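# Coordinate inspection notes
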Amino acid sequence: MDYVPHSDEDREAMLRAIGVASTEDLFQDIPANVRHPHLNLPPGMSEPEVIRHLQALGQQNSNVLEMPSFLGAGCYNHFIPSIVNALILRGEFLTSYTPYQPELSQGTLQAMYEFQSMVCLLTGMDVANASMYDEATATAEAVLTACSITKRSKVVVPDTFHPTTLEVLETYAEGRELTLVRVPTFTIDDDGAFHDCWDAVGAAIDDDTACVAVQVPNFFGWVHECQDIAETVHAHRAMLVVSADPVALGILTPPGEYGADIVTGEGHSLALPPGLGGPRLGLYATRKKYLRQMPGRVSGMTEDIEGKRGFVLTLQAREQHIRREKATSNICTNEALAALAFTINVSWLGPEGMRKKAELCLAKSHYAAAQLDALPGFAVSAPGPYIKEFVVHCPSQVHHVNEHLLEHGVLGGYDLGNVRAELDRHMLVCVTELNTRQDIDRLVATLRDFEA
Amino acid sequence: MIQEAEPLIFERSSPGRHGYSLPDSDVPPLEEDAAIPAHWQRSSLPLPEASELDVVRHFTRLSQRNYSIEHGFYPLGSCTMKYNPKVNDAAAGLPGFSFVHPHQPESTIQGALALIHGLSRLIMEITGYANCSLQPAAGAHGELCGVLMMRAHHVKQGNPRRKMIIPDSAHGTNPATAAMCGYTAIEVPSSERGTVDMDALATLLDEDVAGLMLTVPNTLGLFEQDIVEICRMAHEVGALVYCDGANMNALLGTVQPAALGLDVLHLNLHKTFTTPHGGGGPGAGAICVNETLEPYLPVPLVKEQDGAYAWDYDRPDSIGRIHSFYGNFLNQVRAYTYIRTLGAEGIKRAGEYAVLNGNYLKERLRDAYALRYDRTCMHEVVFAGLKEKAEGVRTLDVAKRMIDYGFHPSTVYFPLIVPEALMIEPTETENKDTLDTFIDALLAIAEEAQTSPELLKEAPVSAPVRRLDETTAARRPNLRWQPPE
Ligand SMILES: Cc1ncc(COP(=O)(O)O)c(C=O)c1O
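## What to know about the overall build of chain A
Scanning chain A for helices and strands turns up 13 helices and 15 strands. Taking the principal axes of the C-alpha coordinates as reference, chain A spans close to 85 × 55 × 50 Å. Considering chain A as a whole, with its 452 residues, one finds that 67% of them fall into the buried category. Put simply, chain A shows about 14,800 Å² of open surface, and 47% of that area lies on carbon and sulfur atoms. Here chain A carries 33 positive and 58 negative side-chain charges, and the mean point of each set is 6 Å from the other.

In structure tokens, the structure reads:
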């Protein structure tokens, strides 16, 4: 099966118009000795065959709809209403290109403008772009931008930042001068409990510091107080980069209000299902004064020659297709459709829904934490307020605990031993509005039977 | 498309209205000390307040102010706007793919890992490379990944080198990527044939050149006939050759880029392998490498052992991670579905007919539009505007007039080296009737340019908006809605 519509007559007529005998004549520039290799690919399939094959592959995966899941650690299962898929799968949105021709792209451009507005409102910033690939690349670009703006190279990050983001940052920083200073900001006592020593961040900031990057809530789930850090950062003429969870921003003070210079975030949880971690949705917002250093596309409101409101891609002089090697980034294709999904969902939620979603996470995660903490051998440890994720110290290695849970049809939390060997008995548990009390009770009951 | 303007969703908002539907809490209320301290809580959040129907209507109307492949012909050069099969979306929407968490134990995601492994193998066969990663989220992300691997190779040899040679016809992401990776972009001019000027290249190549970034076929729609020699010359000074594979559609089934000597290649799965563009993304990129660069691929890869699949992090020379997880997986599902649908025969036909359509347009339009390079093209053709220039009429006007004929404009002013560039890529999924209607429109527009140029200069008149004031948009940026004071 293929999607080539040509009949034999069409093909012959076209070859005649071109003035060649066969399509082979069109490939003469390609060295003959490598032309037409034998391709060892499986034969094509009809639609019923291919969909059956894909269904069979899909059925080899457990999914979070059929199994209670307490996994988070950067990818979250939040509720996405039915309208999102119904609208984003409309061919007009799904199969249009980047809106370089604004007259035919007003739908995409206006949705981008609305998306930018929502990101600004959630983060408390002045301007936002129309998306980046994911939080990790958005944060990496934010940090590199801060280094360019300040013309400094020292980057301070607390060790509560998501380790994957830091790995991506390190990859992106290759070829640039950048010193990543990872500040220890917590200790673990003999009982496995976490203790905060957040002041260490402030102490690491000096006049060589380009920026401090913090995450709210942090990788382990709790929220740091950032006001003091912001003051220290600015006293040293450095910049504050905050990576914030937009779901938590339904309740939390927007980072713009405590002095953030760039706010990044992962928006997939308000847009798309987990999808094995992709597509995702990188958020990027900043202060007006840094607008011209911002990477990525932006939509701006303007008028047409008749004075009618319209939208265009603007400030393109920052971008690679105009500025080439002097561009603020090489990003071209972004995550537009995910940004549209976010815009639809946030419109549906409104301020009340955003707050309710965050409050549900808050209530349910605290309920789960209390139940888990009461289990013999398990201890919850959260040195600060948390919204949907917290750490549980387990009576044995997390991977044993998770095997037990999996045998009983539950996807346990994230094994922190994966990021730090000494945390192999610490589980990062995530509870969202989609985890029912029944799910939580089942988790707790299953763990009660667990024998270390 | 609908003409009537649609207010912002914020302007449709009315206090107290809501559309959301979320369950009431089924757990006890929070203890006092568990709550978020009041001073850490936001005081306001002026998001739109709208009913579900308000939201559905708003976005439906916005959609109707967009053109798309499903409306009609989208001859956007360099973008490969071919039909995006619906079965791919159906596959990506299966809960076994869309509701899978990336941190799930490997034993619970064997189907997903098998798909990643399988798609990698299909892509390796189509391109001829030793290995590939699907982690890049788009083409430019693949470029970044590829150039970082080239750099890692040179660092391993003891010197990262400083220069990256890039043709003047290259896409902007190429020099931007080189700069992000710490390289100085050096431009090599194109010859009268539209391909790399070999003499100029010879003088630029030295031991400080880390590599070349070439697009094959290039952005003029032409095959680099000297590509094998170029790769040989580069390798002679220890440089590597990067291939921007955005135009891979032309080569499907006809040549494996690895066989030409190109060391590393990125693919845009959202072009060649039909994952939808979504108004600008999400895309998906694959990055393919030969043996020299294989050790540097980003982590993780997927490996197969005794019929079981697992993430592979044990790659000591890897450049590291470039994405939070493993790229845009749901688009990988789409691309996999597409390749399995086509099979070897379908893949070959896609490339063959893309090139047939490209040349057909070129021949039929050459009397009215100026062919900059008069030779067989591949999947796309670039004209230097109208053949018979008309007073005050620019390529932009021609493009805008296409809208009034019911078509999306072609790419304009790219590549930069062709004055008044008009770049047309039909793709293999367009039938002859569509191409003929488009050709008639373009011939009529060329005629109008002589007889009634105002029709072009005032175009479009049939779109949801007329031409927009881009200067003011950039000078006084209005980039967001502001809540009333
Ligand atoms: C030749 C070429 N190279 C690179 C790119 C960049 O790809 P992407 O937009 O997926 O980042 C494009 C797409 O516009 C292109 O046409």
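## Digging into the overall build of chain B
When its secondary structure is counted, chain B shows 13 helices and 13 strands. A globule of 485 residues ought to have a C-alpha radius of gyration of about 23 Å, and chain B, at 25 Å, matches this closely. When its C-alpha atoms are laid out on the principal axes, chain B stretches across 75 × 65 × 45 Å. Expressed as a percentage of its 485 residues, the buried residues of chain B come to 67%. Taking the intrachain contacts of chain B between residues at least 6 apart in sequence as the baseline, contacts between residues at least 24 apart amount to 71%. Measuring between centres, the 41 positive side-chain charges of chain B sit 3 Å from its 61 negative side-chain charges.

## Quick notes on the domain arrangement of chain B
All names here are of chain B. What the domain assignment reports for chain B is domain 1 (88-342) and domain 2 (347-471). Here the C-alpha centre of domain 2 lies 30 Å away from the C-alpha centre of domain 1. Facing 29 residues of domain 1, the contacting portion of domain 2 comprises 21 residues. Where domain 1 abuts domain 2, roughly 2,000 Å² becomes buried across the two surfaces, and 62% of that area is made up of carbon and sulfur atoms. The salt bridge involving Arg372 is made with Glu192; its shortest N-O contact spans 3.6 Å. Summed over the shared surface of domain 1 and domain 2, the result is six residue pairs in polar contact (both at pLDDT 80 or more).

## Brief notes about the site of the ligand
Around the ligand, 15 residues are found, and the nearest of them are Thr333 of chain A together with Ser78, Asp244, His270 and Lys271 of chain B. At 2.6 Å from an oxygen atom of the ligand is found a side-chain nitrogen or oxygen belonging to Ser78 of chain B. Contacts to the ligand include Asp244 of chain B, whose side-chain N or O atom sits 2.5 Å from a nitrogen atom. Computed on the free molecule, the ligand has an accessible area of 390 Å², of which 98% lies beneath the protein chains in the complex.

## A short note on the packing of helix H12 (residues 398-407) of chain A against helix H13 (residues 437-448) of chain A
All names here are of chain A. With their axes 10 Å apart at the nearest point, H12 and H13 run at an angle of 115° to one another. Seen from above, H12 lies across H13 with right-handed handedness. Facing H12, whose interface residues are Val401, His404 and Leu405, H13 presents Leu443, Thr446 and Leu447. For the contact of H12 with H13, the residue count by class is four nonpolar, two polar and no charged.

## Notes on the nonpolar core
Note that soluble globular proteins tend to have their nonpolar side chains buried in a common cluster. One finds Ile123, Phe273 and Tyr369 of chain B to be the most contacted residues of the largest nonpolar core, which totals 193 residues. Top element by residues in this core is helix H9 (residues 329-365) of chain B. It accounts for 16 residues. Not counting chain neighbours up to four residues away, the residues in contact with Phe273 of chain B comprise Ile126, Leu252, Leu267, Asn268, Ala335, Tyr338, Ile339 and Ile347 of chain B. Ile205, Ala248 and Ala341 of chain A together with Ile36 of chain B belong to the second-largest nonpolar core, a separate cluster that totals 85 residues.

## Describing the environment of Leu361 of chain B
Residue and element names in this part refer to chain B. Residue placement: Leu361 occurs in helix H9. Exposure remark for Leu361: the relative accessible area of 0% places this residue in the buried category. Along the backbone, Leu361 and Leu148 are 213 residues apart, and their C-alpha atoms lie at a distance of 38 Å. Residue contacts for Leu361: discarding those within four places in its chain leaves Phe383, Ile424, Pro426, Leu435, Phe438 and Ile439.

## Describing the pattern of salt bridges
Residues and elements named next belong to chain A. Enumeration according to the criterion identifies 46 salt bridges over all chains in this entry. Salt-bridge contacts for Arg35 lead to Glu24; the nearest nitrogen and oxygen are separated by 2.9 Å. Highlighted residues: Arg35 in the loop between helix H1 (8-18) and helix H2 (47-59) and Glu24 in the loop between H1 and H2, separated in sequence by 11 residues. Residue class for Arg35 comes out buried when judged on its relative accessible area of 15%. Overall, Glu24 belongs to the partly exposed group, its relative accessible area being 26%. Arg90 is the salt-bridge partner of Glu92, the closest N and O atoms lying 3.1 Å from each other.

## A few points about the sheet that holds strand E3 (residues 179-183) of chain A
Residues and elements named next belong to chain A. Here we have seven strands laid out as an open sheet, ordered E1-E9-E8-E7-E6-E2-E3, and mixed in their pairing. Each having just a single partner strand, strand E1 (127-128) and E3 make up the two edges of the open sheet. As paired elements, strand E2 (residues 154-158) and strand E6 (residues 209-216) share three bridges and run parallel to each other. Paired with Val155 across the strands is Cys211, a residue of E6.

## With respect to the pairing of strand E2 (residues 163-167) of chain B
Residues and elements named next belong to chain B. Counting buried positions along E2 yields four of five residues, so the element is predominantly enclosed. Direction of pairing for E2 relative to strand E4 (residues 209-215): parallel, over a ladder of three bridges. Each bridged residue has a counterpart across the sheet, and for Met164 the counterpart in E4 is Gly211.

## Topic: the interface of chain A and chain B
Contacts between the two partners involve 177 residues from chain A and, on the opposite side, 199 residues from chain B. Interface area for chain A against chain B, summed over the two sides, is near 16,600 Å², with a carbon-plus-sulfur share of 65%. At the junction of chain A and chain B, the tally comes to 10 salt bridges. Its salt-bridge partner being Glu167 of chain A, residue Arg321 of chain B comes within 3.0 Å of it at the nearest N-O pair. Grouping the amino acids of the side of chain A that touches chain B by side-chain chemistry returns 88 nonpolar, 55 polar and 34 charged.

## Some points on the packing of helix H5 (residues 139-156) of chain B against helix H6 (residues 173-180) of chain B
Residue and element names in this part refer to chain B. Relative orientation of the contacting elements H5 and H6 amounts to 45°, with a least axis distance of 9 Å. By the criterion of interaxial angle, the relationship of H5 to H6 is oblique. Handedness of the H5/H6 crossing: right-handed. In this structure, H5 uses Ala140, Glu143, Leu144 and Val147 to contact H6, whose residues at the interface are Thr173, Asn174, Thr177 and Met180. The residue makeup of the contact of H5 with H6, split by class, is four nonpolar, three polar and one charged.

## Notes on the packing of aromatic side chains
For the structure on display, the rule yields 24 aromatic pairs over all chains. Summarising the aromatic geometry, the rings of Phe10 of chain B and Trp481 of chain B are spaced 4.3 Å apart at their centres and angled 15° between planes, so their arrangement reads as stacked. Residue Phe10 of chain B is found in the segment before helix H1 (52-63), and its partner Trp481 of chain B is found in the segment after helix H13 (470-475); the two are separated by 471 residues along the sequence. Chaining the aromatic ring pairs together yields one cluster made of Phe186, Phe194, Phe219, Phe220, Trp222 and Tyr414 of chain A. Positioned over the ring face of Tyr76 of chain A is Lys388 of chain A, at 4.0 Å from the centre of the ring. Residue placement shows Arg151 of chain B over the ring face of Tyr183 of chain B; its charged tip is 5.3 Å from the ring centre.

What counts and how
Residues numbered from 1 in each chain as written. Chains lettered and ligands numbered in written order. Predicted model: local features only at pLDDT ≥ 70, side-chain atom pairs only at ≥ 80, totals over all residues. Heavy atoms only, no water. Helix = DSSP H or I, 4+ residues; strand = E, 2+ residues; numbered from the N terminus. Buried < 20%, exposed > 50% of the residue type's maximum accessible area, 1.4 Å probe, protein only. Areas by Shrake-Rupley, 256 points an atom, 1.4 Å probe, with all protein chains shown as cover. Lys, Arg positive; Asp, Glu negative; His and termini not counted. Charge placed at Lys NZ, Arg CZ, Asp CG, Glu CD. Rg over C-alpha atoms; globule rule 2.2 N^0.38 Å. Contact = heavy atoms within 4.5 Å. Domains from an automatic or database assignment. Buried area = accessible area lost by both parts, 1.4 Å probe. Salt bridge = Lys/Arg side-chain N within 4 Å of Asp/Glu carboxyl O. Polar contact = N/O pair within 3.5 Å; in protein donor to acceptor, adjacent residues only side chain to side chain. Near = heavy atom within 4 Å. Axes fitted to C-alpha atoms, helices over the stretch in contact; angles between N-to-C directions. Left-handed = near helix turned anticlockwise from the far one by under 90°. Nonpolar A, V, L, I, M, F, W, Y, C, P; charged D, E, K, R; others polar. Core = buried A, V, L, I, M, F, W, Y, C linked by side-chain atoms within 4.5 Å. Pairing = 2+ DSSP bridges. Parallel < 35°, antiparallel > 145°, perpendicular 65-115°, else oblique. Phe/Tyr/Trp six-rings, centres within 6.5 Å; stacked < 30°, edge-to-face > 60°. Lys NZ or Arg CZ within 6 Å of the ring centre and 35° of its normal.

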